Amino acid sequence: MNLFLRVIKLVRFCLFLGLILVSIGMLCGMFLVFYAAKDLPKLPSPLSRIIERPQTQVFASNGQVLITLGERKTIPLNMVSQDFINAILATEDHRFFEHHGVNKLRTLKGLYITLFKSGKVQGASTITQQLAKNLFFSFEKTYQRKFKELLVALQIETSNTKQEILHAYINQIHFGAGAQGVEKASRVFFGKSALDLNLAEAALLAGLPKSPTNYNPYRHYDRAIKRRRVVLKRMAQVGFISDLEAQQAMLSRPALHHEQSDSRTGSYFLDALINDLILKYGEDVVYHGGIKVFATIDTRLQSYARQSLKKGLERLDTMMGIHQEKEDHPQGALVAIDTGSGAVKALVGGRDYYKSEFNRAMNSQRQSGSSFKPFLYYSAFKTLGFHPETIMTDMPVSIPVKGTADWEPKNFNKTFSGDMILKKALINSVNTIAAQIVEKIGPRAVNATAKICGIKSPLKDVYSVALGTSNVTPFEMASAYTVFANLGVRHDPFFFWRVEDAFGRVIFEHIVQEKQVLEPTITYQIVDMMKSVIETGSGRSIRQMGFNRSAAGKTGTTDSYNDAWFTGFTPTLCTSVWTGFDKQKKLVDVNRVGITGGKGAAPIWADFMINALKSEPERDFPIPDDIRFETVDTKTGCNPKEDNETINETIEVLKVPLKPEQQLCVEGEL
Amino acid sequence: MIQQWYEPFSFSEVLRRTFSFLNIAVFIITAIVIFSELRFDWFENLVGSYLVSTNESRPETGAVWDTGKQTASAHEYLNEIISKKEDTRQSVHQAETFLDLASGILPGQWVTLEKEQFKRLYLTLEKPIALKIIEPAQLVWLLNGGSLDRIFCEGITGGIKLYFIDSENRVVKQIDLEKEDILEIENGGKPVPGELADMEGFSGRIYPARVFFDALFKLPVDIIPDLMMDPKPLLKQDGKIINVGIWNEAISGYIRLGFEFEEKKSKQVIFIKGREWAVWQLSLNLKGEGN
């Protein structure tokens, strides 16, 4: 009797205790609700407002949409494959249509596991709670955040139908790879609409929101497939599909759509353009302003640029004997600018954007080597009255430098050729003559010319600037060389023609302004010399590759073979190509012979220009009215007919453009 | 074990107390509350409804609102740009003179100027003044014969720039107008108080009126109109010309001439412009080197 009484007493005690605890719990709960409600975020009404966000669009010159920033394609539920809806429900919240925002039993179970099983955390968020979290809360894991999230979920449930909640959820959920919303995800990953997803694809997509980065199928396809197995099993358990259907779907390996494979822009050009826009208007306008940007890029040229650089760098790999994927590969950059306006037509900043986003075209400051010499020669022609026929001597030079050892530059081939006209000196890229010139005019004059042409990187006032020891970017080189192509007229380079707001009202328009910064006649003389670089000089590989249009340019190779450049232009398009390693590492072929700009960069340039200009009529550079041409002996600078009664066939002659006052064979010039 | 006075004395007493009306009622109510909650989610509904009722008074915080704020701030900024542009456009549209035009555009602002409006403003100017902006022949070619698409007007510090641009946005002609130039263009011929001797650019080239006009009348008659292309301001001015100065700089083929008037002891200078070659001929006469 005593024992029975005790049991009864205990049961009664427990009941009353439970009752008291429940009552206290409810009171505390009410108190917490009132307390937390003050700080809860306001819920937008209607809920669909959360998926309304203006998108910024960037268009190419042909009107093609290059990118939509903040793109989220919103679709109604009936435009989504039922397999996907089933898959997401089975995986995330199979009792979605039964609860009121909280799955109480799952929450209690989760709470029990989290509290009493050390090291284990059991999530129990319903779709509504996930929606609340995504809309309002950070991802920090605190009980307070969880509680607030739960309260918002309750409000969402009270003020919206299940269909509205599911609609909002599937249209705002992140799938990774820049895809927000099921329609965008479906298009990004499979190149089809969400309505056309089959079971295997739908299950794969439904598995991604748990960890979009870890299960990104572009990077971890097998992990994504493994996760899909879990989704399919859940679908079968819940009864959405049969075991057989699940097994069949598990065998399928959906092909991924490869056009856009990342959340990033996927383009060095777009990165540069977006940076430029942000500098002008700020991030809010660019990412949230819904503006329309009309870019200068020519998608056809951009595609050629990408292909030519890729092909050229693979060729370099072969020359250098780099076969392993793991080995360090040389990088490259290509920038093409319309000479008539300064519009950037193509820009590639590296080998593979998805492996390295570093934009070498815009941000990699490298020594330009001899490709800096045109600025030197222009300065000498302008300040000293030199011209292409002026004679100088290729000989060992030693230039005293204050506070340090004498500067003794050497030629690339380590030999000296004696007297030669300056045209020949540029064609052969003779360093000793360049050194003598810079000693006469001073490095400041060279840098001043480079700066007025558009070089913005800091340039050191040192003699070696004549040999291109200052660091510049391929973008700057392409832009500066357009001044030569335009016979001294400079156009500032730019990335977009026009910016409109969401209603089509113009907020910016680029006006092409011309600035005559170099003297046309002298510039033509430099262009003529650079034309010969391609015909017979260090850039002759361009002709060997079949590029036969009128063009001028200059190779550049740094002393240590760390950088190989070619920057050149036709009358309409100026292109700069750089190749080299990101680290300080030599470009050498399998025989340990250094790779020059003529071998490394010029073929890329030629390949690109052949394709880029194939539909354009051929044009030659305009010759200023006061230019006359003379044929001269490259050693004496004299007309060979005047010099010798009959032209000696061993004499090397070159045609040089001269101004009216510039005379041949002037006494004392030698 | 001692039995307390309040403890039941018998089993039936225990049962009676356990299943008392109060206990059963409490139990049933508790059970109803719990099961109804599990079945009908009334607690969630209650909390949800409460939160709906307080929704409007709660703060707009969280990721979704932040995005909204960024969008609002972007739109505000863009609207500001557009509204400034619209104001500029209106003020340019209403401009009656080039000075109105320059005053309506702040540095950094720009607006597209209709061809017709430019023509209208241009035609309000006296011929010699209009010449200072652009040669009529060139304007005719630009507006009616060339590839001109529109005129783009940009405000700069102290003036405006007019870009005549083609359909590819290339500048085919650019005119920079400083406000001072515009003032001079518009107020050309208006007297400036002071003496020529105090004005820069005339030093050593100031001549007594008689000497100046003697030299002028020695010029061939067909040259004189090029020296005084617009004599109207001089004819309008009261008083007597005492000195005439020749400016030391030629601009766009013209040289400024200053005529110093004296009236009731106050001195004023009126500027007109003469063609460079005609002024040069006059200077030779003044130096006694002319024919």
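Here the structure is a predicted model, which means the values were calculated and not measured.

What counts, and at which threshold
- Residues numbered from 1 in each chain as written.
- Chains lettered and ligands numbered in written order.
- Predicted model: local features only at pLDDT ≥ 70, side-chain atom pairs only at ≥ 80, totals over all residues.
- Helix = DSSP H or I, 4+ residues; strand = E, 2+ residues; numbered from the N terminus.
- Rg over C-alpha atoms; globule rule 2.2 N^0.38 Å.
- Buried ≥ 20, exposed ≤ 12 C-beta atoms within 10 Å, placed from the backbone.
- Contact = placed C-beta atoms within 7 Å.
- Domains from an automatic or database assignment.
- Pairing = 2+ DSSP bridges.
- Axes fitted to C-alpha atoms, helices over the stretch in contact; angles between N-to-C directions.
- Nonpolar A, V, L, I, M, F, W, Y, C, P; charged D, E, K, R; others polar.

Visitor: Teacher, can you tell me more about the overall build of chain B here?
Guide: On a plain count of helices and strands, chain B comes out with 13 helices and nine strands. A globule of 291 residues ought to have a C-alpha radius of gyration of about 19 Å, yet chain B, at 44 Å, is considerably larger. Counting every position in chain B, which comprises 291 residues, the buried fraction comes to 23%. Pairs at least 24 apart in sequence give 56% of the contacts found in chain B among residues at least 6 apart.

Visitor: Got a minute to help me understand the domain arrangement of chain B in this structure?
Guide: Buried accessible area, meaning the area lost when the parts come together, often serves as the stated size of an interface. When its domains are assigned, chain B resolves into domain 1 (11-54), domain 2 (71-183) and domain 3 (189-286). Centre-to-centre separation of domain 1 of chain B and domain 2 of chain B, based on C-alpha positions: 80 Å.

Visitor: When you look at the sheet that holds strand S20 (residues 573-580) of chain A in this model, what are you seeing that I'm missing?
Guide: Two pairing modes exist for strands in a sheet, parallel and antiparallel, and in both the strands are linked by backbone hydrogen bonds. All names here are of chain A. Strand order in the open sheet made by the five strands is S7-S6-S20-S19-S18, with antiparallel pairing throughout. Edge positions in the sheet fall to strand S7 (344-348) and strand S18 (552-557), since each of these pairs with one other strand and no more. Across the sheet, the mean angle from the axis of one strand to that of its neighbour is 5°, orientation sign disregarded. Both strand S6 (residues 331-338) and S20 contribute to a ladder of eight bridges, which runs antiparallel. Looking at S20, one finds that Gly 332 is bridged to Thr 579. Against the sheet, helix H23 (residues 602-612) contacts S6, S18, strand S19 (563-569) and S20, and its axis sits at roughly 145° relative to S20.

Visitor: When you look at the sheet that holds strand S5 (residues 292-295) of chain A in this model, what are you seeing that I'm missing?
Guide: Residue and element names in this part refer to chain A. The five strands are arranged S2-S1-S5-S15-S16 in an open sheet whose pairing can be described as mixed. A single partner strand is all that each edge strand has here, and the edge strands are strand S2 (65-69) and strand S16 (506-509). Adjacent strand axes in the sheet meet at a mean angle of 15° when their direction is disregarded.

Visitor: Is there a simple way to explain unusual backbone geometry in this structure?
Guide: The phi angle of most residues is negative, glycine excepted, and most peptide bonds adopt the trans form. Residues and elements named next belong to chain B. The phi dihedral of Asn 169 falls on the positive side, at around 65°, and the residue is not glycine. Positive phi, close to 50°, is recorded for Lys 264, a residue that is not glycine. Counting through the fold element by element, Lys 264 comes out in the loop between strand S8 (254-263) and strand S9 (266-275).

Visitor: Honestly, the interface of chain A and chain B in this entry has me stumped. Any pointers?
Guide: At the junction of the two partners, chain A supplies 42 residues and chain B supplies 40 residues. Secondary-structure elements contributing two or more residues to the side of chain A that touches chain B are helix H1 (2-37), helix H4 (127-136), helix H5 (143-159), helix H12 (283-288) and S16 of chain A. In the side of chain A that touches chain B, the residues fall into 23 nonpolar, ten polar and nine charged.

Visitor: I'm lost on the environment of Val65(A) in this one. Help?
Guide: Residues and elements named next belong to chain A. Relative to the elements of secondary structure, Val 65 occurs in strand S2. Through-space distance from the C-alpha of Val 65 to that of Val 465 is 43 Å; in sequence the pair is 400 residues apart. Setting aside its immediate chain neighbours within four residues, Val 65 contacts Gln 57 and Phe 59.

Visitor: Would you mind going over the pairing of strand S3 (residues 159-166) of chain B with me for this structure?
Guide: Two faces belong to every sheet, and in a regular strand the side chains alternate between them. Residue and element names in this part refer to chain B. Bridging between strand S2 (residues 148-156) and S3 involves eight bridges; their strand directions are antiparallel. When the bridges of S3 are listed, Arg 150 appears paired with Ile 165. Once S2 ends, the chain turns through two residues before running back antiparallel as S3, passing Gly 158 with a positive phi of about 80°. With seven bridges connecting them, S3 and strand S4 (residues 171-178) associate as antiparallel partners. Directly across from Lys 161, in S4, lies its bridge partner Asp 176.

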